[in-house]
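In case you want the letters, here they are:
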Amino acid sequence: VQGTGGSSAVSKCSAAARGYIQDRFLRLLVERRRRRAPLVHRGYYIRARAVDHCVQDFLLKTQSHPRTQIVSLGAGFDTLYFRLKDIGLLHHTVVYEVDFPNVACQKATLIKRTKELSALVGDTGGEGVGVITFSGKDYKLLGMDLSELSELERALEEAGLDNEIPTLFIAEVVLTYMENSRSDALIQWAAEHFSQACFLLYEQMHPEDPFGRVMQQHFSQMNSTLYSLTRYPDCEAQQRRFFEKGWTECSVMDMNEFFTCCTPEDEQQRMQALEPFDEYEEWHLKCSHYFVLTASKGMEPSWTPLLSNMTVPHCGGPVRTAGSITAAACPMRSEFSGLRRYGHRSVLIKPNVILTIGGFGEEDGHHCRMRNFHVLIKHAGYWKAGYVKKENSDKRRDERLYHTVSCLSNSLALVVGGRTSPSSAGLGMLWLKFPETCDASEPDDITVELVSLQPAAEPAALRWRHSTTEVIFKGEKYLFLYGGCSAVEPVLGDWCFLHTQGLSCIVIPVEGPIPESRHSHSACSWKGGVLIAGGLGTAEQPLGSVFFLRVLEHGFQWQTVETHPPLSPRYSHTAHVHDGKLLLVGGVWFHSSSVPGVTVIDLITGLCLDYMINVEHLEWPLMVHNHSSVFLPNEKELLLIGGGGNCFSFGTHLNREPVSLSLSNILASH
């Protein structure tokens, strides 16, 4: 548990060095230096932002009081006292910090030997007595085990804590490491013994969904079990806990909601522009698995820092489902790890032959950008998986993520765009040629020839997380290339019509209201036009709109598809059209209480129904984002291939094997 505090301090230090948080004191208290990934920077940014927002609100609301106090439980190497003192916010506030004795002693030593820190504490700062490892006029550092409540109470009293003045308790990922009976007792003690008390809690939640299972496993492997999760798995349970333990006011929100509602727009944009970033799914999943809670009692006026004046719907509301679909592992001839990947694309090149290319995944026991092309062949009721033979292979072209693959004939497919790193320019186009007739029963019977296209055909293709969809205009086939990201623009809203013969962009008139820019949306061919659904918009907010680009005599027209109930905003899903129904598969949304399953939209009536995916027959967490899917219309079967991602600092999760969803029941019932 103490190790998690040290690791957290290193991550905060890395985030501060990149400008995510303004904290010049961290480097003085953290001796280890390590650069973390942008996803980790964002995670620690939102945590620091939430704590600072609530602490400063407490100091503002209590500034008319002659004396106030802050008690930071499990403070570790946190710099809160020094930052508040530095900006002049501690005129009448004493800060008490509590942590394990060896952590407190280490911190006290660092403060004493660092001029900049000891000067802020002031002349009276010096040797502590007993459990008080450092004592200044407005700063006390105690070495204590928080789970020993009677000793904690005695030590705080000895250090001068006054139970009659406004007091803010802070527990930032601390109580969850204690047994519930002990953390509950501490929460109750704070409510009962202080006449004007506030509590700020920041912790994990939702242990049972796929991301939550990966998160739990990570902490268990580190021998630091998260005890709170089993008894208090969500925001509602935590809120009940505080009311039952004697608190009279309590607000709670997950971190997606906090970022959307309590972070000013200009600050959101500042943070989003700090580093090249392309792990939106994991950022939003991380935020939906952490919450910030504020509780108070006896405060006048009441302390409610999480009440926002923005009319953003509460994110945690449950989604009504019309039923469930059972997921089953695909019947495979043999174990094959080559399809454990994300950010790839799969396409049906022949009946019962699926080609998968690109992505990031597992090859020869290590994680890398995937260079090999893979094929799944259905033979006698079983799927066989393997590598295909490649001709004219080139590492720089073959390794790509978030591209598209369009099958244009029974011997030709076109790869458009994609990226290597999010900081480099997008990749161009690539022809894939394969035999016109092919009775392959073994993967290595199939040969794919790669043909690079001349740069002249490529400018519009230098993007990723876009869509390319076949449309027909005046009897000619075009690929409608839409949306995505580029190295220059984080979100694109433009489009072009690629003529499938010469692969040049053709101007075709388009009328109607232009959809807002988006990436990671879905696009399907329908009635000669395109259905666009969901996606991530300019403010990194999921979209719930559905548009139909309808073909007319003289061009195309954007039309809005109304759905009822309204479609829950989502992105990073896949989509298929079957028999007048639009099927949206998986993705990421802001309903932290559940994960998206399969949504069926009736394109005639607009009826929109959500079905959850029942995973009880799978032995591993199924993450249905960053995946690919192939619909087999004859069997009414949906194949999910790959999926997963880098789960914050908890490790990379890759779905273990292809999964089959039988849709015959839900398609029959519509």
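These figures come from a predicted structure and were not determined experimentally.

**Describing the sheet that holds strand β11 (residues 341–342)**
For step 1, the next point in the chain: Across the sheet, 3 strands lie side by side as β11-β14-β15; this open sheet has antiparallel pairing. Looking at strand neighbours, the two that pair on one side only are β11 and β15 (366–369), the edges of this open sheet.
For step 2, the next point in the chain: Two strands pair when backbone bridges link them, and β11 and strand β14 (residues 360–363) are joined in this way by 2 bridges, in the antiparallel orientation. The partner of Tyr-342 across the bridge, within β14, is Phe-360.

**Quick look at the sheet that holds strand β36 (residues 628–632)**
For step 1, the next point in the chain: Taken in spatial order, the 8 strands make up an open sheet running β32-β33-β34-β35-β10-β40-β37-β36, and their pairing is mixed. Of all the strands in the sheet, just β32 (574–578) and β36 have a single pairing partner and so form its edges. This sheet shows a mean twist of 25° between the axes of neighbouring strands, independent of strand direction.

**Examining the packing of aromatic side chains**
Both the distance between ring centres and the angle between the ring planes are used here to describe each pair of aromatic rings.
For step 1, the next point in the chain: Going through the model one piece at a time under the given rule, you end up with 33 aromatic pairs.
For step 2, the next point in the chain: Measuring from centroid to centroid gives 6.2 Å for Phe-242 and Trp-247, while their planes differ by 55°, and the two rings are tilted.
For step 3, the next point in the chain: You can call Phe-242 buried: its relative accessible area is 0%.
For step 4, the next point in the chain: Of the residues examined, Trp-247 reaches a relative accessible area of 2% and is grouped as buried.
For step 5, the next point in the chain: Summarising the aromatic geometry, the rings of Phe-547 and Trp-558 are spaced 6.1 Å apart at their centres and angled 80° between planes, so their arrangement reads as edge-to-face. Here Phe-547, found in strand β30 (residues 546–551), pairs with Trp-558, found in strand β31 (residues 556–560); they are 11 residues apart in sequence, far enough to count as distant. Here Phe-547 matches Trp-558 in class, with each residue buried.

**Examining the nonpolar core**
Grouped burial of nonpolar side chains is what soluble globular proteins tend to show.
For step 1, the next point in the chain: In terms of nonpolar packing, the biggest core is built from 80 residues, with Val-55, Ile-70 and Val-292 touching the most fellow members.
For step 2, the next point in the chain: Summarising the domain contributions, this core has at least three residues from each of domain 1 (2–297) and domain 2 (321–667).
For step 3, the next point in the chain: Each residue touching Ile-70, except ones within four places of it in the same chain, is listed here: Val-55, Phe-58, Leu-59, Leu-80, Leu-84, Thr-93, Val-94, Val-95, Tyr-96, Leu-168 and Ile-170.
For step 4, the next point in the chain: Ranked by size, the runner-up nonpolar core spans 36 residues in total, among them Leu-146, Leu-175, Trp-189 and Phe-199.

**Topic: helix α7 (residues 149–158)**
For step 1, the next point in the chain: Residues Leu-152, Ala-155 and Leu-156 constitute the buried set of α7. Summarising the axial view, the buried residues of α7 lie within an arc of 100°, below the 170-degree limit, and thus occupy one face. For α7, the exposed residues lying more than 90 degrees away from the buried face are Ser-150, Arg-154, Glu-157 and Glu-158.
For step 2, the next point in the chain: Looking at the buried positions of α7, the neighbouring elements they touch are β1 (68–73), β2 (93–99), β5 (139–143) and α8 (180–193).

**Some points on the domain arrangement of the protein**
For step 1, the next point in the chain: Its domain assignment divides the protein into domain 1 (2–297) and domain 2 (321–667).
For step 2, the next point in the chain: Averaged C-alpha coordinates put domain 1 and domain 2 at centres separated by 41 Å.
For step 3, the next point in the chain: Carbon and sulfur atoms make up 60% of the area that domain 1 and domain 2 hide from each other, which totals about 2800 Å².
For step 4, the next point in the chain: When residues of domain 1 are sorted by the area they lose upon contact with domain 2, Asp-278, Tyr-280 and Glu-281 head the list and together hold 22% of the total.

The rules behind the values
Residues numbered from 1 in each chain as written. Predicted model: local features only at pLDDT ≥ 70, side-chain atom pairs only at ≥ 80, totals over all residues. Heavy atoms only, no water. Pairing = 2+ DSSP bridges. Helix = DSSP H or I, 4+ residues; strand = E, 2+ residues; numbered from the N terminus. Axes fitted to C-alpha atoms, helices over the stretch in contact; angles between N-to-C directions. Phe/Tyr/Trp six-rings, centres within 6.5 Å; stacked < 30°, edge-to-face > 60°. Buried < 20%, exposed > 50% of the residue type's maximum accessible area, 1.4 Å probe, protein only. Core = buried A, V, L, I, M, F, W, Y, C linked by side-chain atoms within 4.5 Å. Domains from an automatic or database assignment. Contact = heavy atoms within 4.5 Å. Arc of directions from axis to C-beta. Buried area = accessible area lost by both parts, 1.4 Å probe.

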